[in-house]
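Okay, here's what each chain looks like letter by letter:
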Amino acid sequence: MFAFKSQVSDHSTKTFRAAALVIIAGTLFRILLASVIDPGVDEAYAIAVGTQWQLSWFDHPPMAFWWVKAMREIARPFFGQDVPVLVLRLPFVIAFTMTSVVMFSLTSRLWGPRAGLWMVLALTLAPFFSVSAGSWVVPDGPLLLFLSLTAWLMERILFSRDAPERERCLWLAAGLTLGLAGLSKYHAAIFAMGAALFIIGTPHRRHLTRPAPWLAVLIAGMVASPVFIWNVQHDWVAFVFQSSRGVGSDGPDWSGFARSVFGQAAYLGPWTLVGALAASSLVLRASAIRCGPAGFLAALGLPTILLFTAVPLWGGDALPHWQMPGWLFLLPILGHSIATLEAWRHSAARAARSFAFAAGAVLAVGILAVLVIRYTPPSQAETARLGLNAFLEESVTWRGLADNLIERGLLPSSTTVTTPPERPLVVAFNWVDASRLAEALGARASVRVFGGDPRGFAFLADHAAWTGRDVLIIGRPDVFDRGLRTVRPLFTRIDRQAPVAVEIGGETLFDAQVAIGRNLISFYPLPYPRR
């Protein structure tokens, strides 16, 4: 008997070590990835608008932008005004490592360390979680961390018999972490609704007769209050913008629905998606299980998955990464199912390991393809033939632009000026180009948008400071002439300049168009309610 216990203990220790190895290897991999891959356009945007303290932002709650601003302040004494992207990414890499640890702890506590190991493998090998949420400057990183902490605390509340004082503390901590999730991304509201529906619809509703859950709700609202205060000050512009993205009027968009489904399969890996759905449907068939931990996790994850997958069916727009926070909470169920099959049939274990190796290989091939395009890109003619122009223009750093503008005397060579109004003003015609310009030019210039879709650029420093000054206007060829016609009344005159080659791996990606707007008369009218 004692020998059996020793064998079980040794097996568990080996499993914990294997899980720790996966998490550590995943962290090192993401740090390497963060050091060699250019910022995506969403990252460039977050870095560009995360230059000042605000209560919230146009697109998202403030947490990711606060992290960017905080890292700038911490790293500025070491790197100056232009802090490397790797440094700005580090909090997001660390946050996902913590998410992995929390989710392993949750899964192991429910179903044993072997289930936790399989969950961590699935999480680490999913392209979205490892690459985007795990290493990029996007709101998903802090969101997943605080949602996983909230789930960890609530699982302890609902399925453990703690003393009343300890349970009260757990409720209050859950309110805090849920509020922090609300400061990260609006998905926190759907998570909260799923948790509430599970509690109300099961015998766990008895918890609602005590004050602690209601105090937790109050704490969550207070912690997330900066989002509401900022929106009140700006006529609820962020809520209007986000809600409008899911509203359509032309009937079902079946192609959009297909893109949503296949996009989720690409972001997770098709085997992970199918396996998580199959595992969840199997364990939820029994009513007793629906009231247990598996039912709780499904209630946290499925509303987000189903809601955003269904958005194209009423004509709205949906991006496949919107569903990913929901999939996070189905992965423990997948890990549990694989561990159960593994103990029952060795062939199932071999199949699971084969899928893990396949997922790792696909992830590696995808990353290798990105690196090949970045460092040994096709020629300009080949890029045009493959239809990759627009994708690459938005996806990679605009190299060569700043050096050329400095040589012409259109930008200062130093970044010693620290306040935005003292820097030259550079104007783009949309938020995508503005994000890439801000990344390329760094602290040498302040970038703003003169166009109908400025997003967070509309809410930066006071625009009046640049009135009467010359303005540098830069854009991609396909929108530049139309944009110039739109902004011409805002200047005394506009002088066209020679274009600048934007490069990728020594090849010309496109020729950025350049002009100087003389004597700015007034700023482009904002398309949003009052600031």
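What counts and how
- Residues numbered from 1 in each chain as written.
- Predicted model: local features only at pLDDT ≥ 70, side-chain atom pairs only at ≥ 80, totals over all residues.
- Heavy atoms only, no water.
- Helix = DSSP H or I, 4+ residues; strand = E, 2+ residues; numbered from the N terminus.
- Contact = heavy atoms within 4.5 Å.
- Lys, Arg positive; Asp, Glu negative; His and termini not counted.
- Charge placed at Lys NZ, Arg CZ, Asp CG, Glu CD.
- Patch = residues over 30% accessible without salt bridge, like charges linked within 9 Å, V, L, I, M, F, W, Y side chains within 5 Å.
- Areas by Shrake-Rupley, 256 points an atom, 1.4 Å probe, with all protein chains shown as cover.
- Salt bridge = Lys/Arg side-chain N within 4 Å of Asp/Glu carboxyl O.
- Core = buried A, V, L, I, M, F, W, Y, C linked by side-chain atoms within 4.5 Å.
- Buried < 20%, exposed > 50% of the residue type's maximum accessible area, 1.4 Å probe, protein only.
- Expected span 1.5 Å × (residues − 1).
- Pairing = 2+ DSSP bridges.
- Axes fitted to C-alpha atoms, helices over the stretch in contact; angles between N-to-C directions.
- Parallel < 35°, antiparallel > 145°, perpendicular 65-115°, else oblique.
- Nonpolar A, V, L, I, M, F, W, Y, C, P; charged D, E, K, R; others polar.
- pLDDT = per-residue confidence, 0-100.
- Arc of directions from axis to C-beta.
- Left-handed = near helix turned anticlockwise from the far one by under 90°.
- Phe/Tyr/Trp six-rings, centres within 6.5 Å; stacked < 30°, edge-to-face > 60°.
- Lys NZ or Arg CZ within 6 Å of the ring centre and 35° of its normal.
- 1 Å grid on protein atoms, 1.4 Å probe; cavity = no way out; pocket = protein on both sides within 12 Å on 5 of 7 lines; lining within 4 Å.
- Points joined across faces, edges and corners; volume = space filled by probe spheres on them.

### As for the overall build of the protein chain
Scanning the protein chain from N- to C-terminus turns up 24 helices and five strands. Taking the principal axes of its C-alpha atoms as reference, the protein chain extends roughly 85 × 55 × 50 Å. Sequence-distant contacts, at least 24 apart, represent 75% of the contacts inside the protein chain between residues at least 6 apart. Side-chain charges of the protein chain comprise 44 positive and 34 negative groups, with the mean position of each set lying 10 Å from the other.

### Re a nonpolar patch on the surface
Residues Ile-24, Leu-28, Ile-31 and Leu-86 make up a contiguous nonpolar surface patch of roughly 330 Å² in combined accessible area. Along the chain, the position of Ile-24 falls in helix H1 (residues 2-36).

### Some details on the nonpolar core
What tends to happen in soluble globular proteins is that the nonpolar side chains get buried as a cluster. Judged by nonpolar contacts, the single largest core of 117 residues is most densely connected at Phe-129, Phe-329, Leu-401 and Phe-457. Leu-401 has contacts with Leu-437, Ala-440, Leu-441, Val-500 and Ala-512, leaving out every residue within four places of it along the chain. Core analysis: the next-biggest nonpolar cluster, separate from the first, contains 16 residues, Val-427, Trp-466, Leu-484 and Leu-520 among them.

### Topic: helix H7 (residues 140-159)
With 20 residues, H7 should cover 28 Å at 1.5 Å per step; its first-to-last C-alpha distance of 28 Å lies within 8% of that length. Most of H7 is tucked away, with 16 of its 20 residues classed as buried.

### Observations regarding the pairing of strand E3 (residues 471-475)
Within E3, five of the five residues are buried, which leaves it mostly tucked inside the rest of the structure. Residues Val-471, Ile-473 and Gly-475 of E3 are buried on one face, and the alternating residues Leu-472 and Ile-474, pointing to the opposite face, are buried as well. Across two bridges, the pairing between strand E1 (residues 425-428) and E3 is parallel. Across the sheet, residue Val-426 finds its bridge partner in E3, namely Leu-472.

### Observations concerning the packing of helix H4 (residues 85-111) against helix H6 (residues 127-135)
Where H4 meets H6, the closest approach of the two axes is 7 Å, and the angle between their N-to-C directions is 130°. Classified by the angle between their axes, H4 and H6 sit oblique to one another. Seen from H4, the contacting residues are Arg-89, Phe-92, Val-93 and Phe-96; seen from H6, they are Phe-129, Ala-133, Gly-134 and Ser-135. Per-class residue counts for the contact of H4 with H6 are five nonpolar, two polar and one charged.

### What to know about the confidence of the model for the protein chain
Averaged over all residues, the pLDDT of the protein chain equals 88, while 93% of them reach at least 70. Contacts from residues 1-8, a stretch scored under 50 in pLDDT, to residues over four places away or in other chains number zero contacts.

### Points about the environment of Leu-32
By the element assignment, Leu-32 lies in helix H1. Judged by relative accessible area, Leu-32 falls into the exposed class, the value being 54%. In this structure the C-alpha to C-alpha distance between Leu-32 and Phe-198, which are 166 residues apart in sequence, comes to 40 Å.

### Overview of helix H24 (residues 477-487)
For an α-helix, 3.6 residues make a turn, and residues three or four places apart therefore share a direction. Residues of H24 that are buried include every one of Val-479, Phe-480, Gly-483, Leu-484 and Val-487, and no others. All buried residues of H24 fall inside an arc of 135° around its axis, so they share one side. Exposed residues lying more than 90 degrees from the buried face of H24 are Asp-478 and Arg-485. The inward-facing, buried residues of H24 contact helix H23 (431-441), E3, strand E4 (491-504) and strand E5 (507-520).

### Details of the sheet that holds E1
Overall, mixed pairing links the five strands, which are arranged E2-E1-E3-E5-E4 in an open sheet. What marks the edges here is a single partner per strand, and that holds for strand E2 (446-449) and E4. The average undirected angle you get between the axes of adjacent strands in this sheet is 30°. Contacts from H23 reach E1, E2 and E3, with the element oriented near 145° to E1. Of the strands in this sheet, E3, E4 and E5 touch H24, which is tilted by about 5° from E5.

### Digging into the packing of helix H8 (residues 164-182) against helix H10 (residues 211-223)
Helix packing for two helices is described by the angle between their axes and how far apart those axes are. Interaxial distance between H8 and H10 falls to 7 Å at its minimum, and their mutual angle equals 25°. In terms of orientation, H8 lies roughly parallel with respect to H10. Both H8 and H10 take part in a crossing whose hand is right-handed. Here Arg-168, Trp-171, Leu-172, Gly-175, Leu-176, Leu-178, Gly-179 and Leu-180 of H8 come into contact with H10, specifically with Ala-212, Pro-213, Leu-215, Ala-216, Ile-219, Ala-220 and Val-223. Here the residues of the contact of H8 with H10 are counted per class, giving 12 nonpolar, two polar and one charged.

### Some words on the packing of aromatic side chains
For the structure shown, the criterion picks out 26 aromatic pairs. For the ring pair Phe-58 and Phe-459, a centre distance of 6.0 Å and an interplane angle of 20° mean the geometry is stacked. One end of the pair, Phe-58, is in the loop between helix H2 (41-49) and helix H3 (63-79); the other, Phe-459, is in the loop between E2 and E3, and 401 residues separate them in sequence. For the pair Phe-159 and Phe-198, a centre-to-centre distance of 6.4 Å together with 55° between the ring planes defines the contact as tilted. Residue Phe-159 is located in helix H7, and its partner Phe-198 is located in helix H9 (residues 187-200); the two are separated by 39 residues in the primary sequence. Take Phe-198: its relative accessible area is 5%, and that puts it in the buried class. Directly above the aromatic system of Trp-152 lies the positively charged group of Arg-109, at a separation of 4.3 Å from the ring centroid.

### Notes on unusual backbone geometry
Unlike most non-glycine residues, Arg-455 shows phi in positive territory, near 55°. If you trace the backbone, Arg-455 turns up in the loop between E2 and E3. With a phi angle near 55°, Asn-519 is a residue other than glycine that sits in the positive phi range. Topologically, Asn-519 is positioned in strand E5.

### Details of the layout of surface pockets
A volume near 980 Å³ is recorded for the second largest pocket. Forming the walls of the second largest pocket are 48 residues, and the residues nearest its centre are Arg-72, Asp-82, Ala-438, Glu-439 and Gly-442. If you list the elements that add at least two residues to the lining of the second largest pocket, you get H1, H2, H3, H4, helix H19 (346-375), helix H22 (401-407), H23 and E2. Across the lining of the second largest pocket, the residue classes tally to 25 nonpolar, nine polar and 14 charged.

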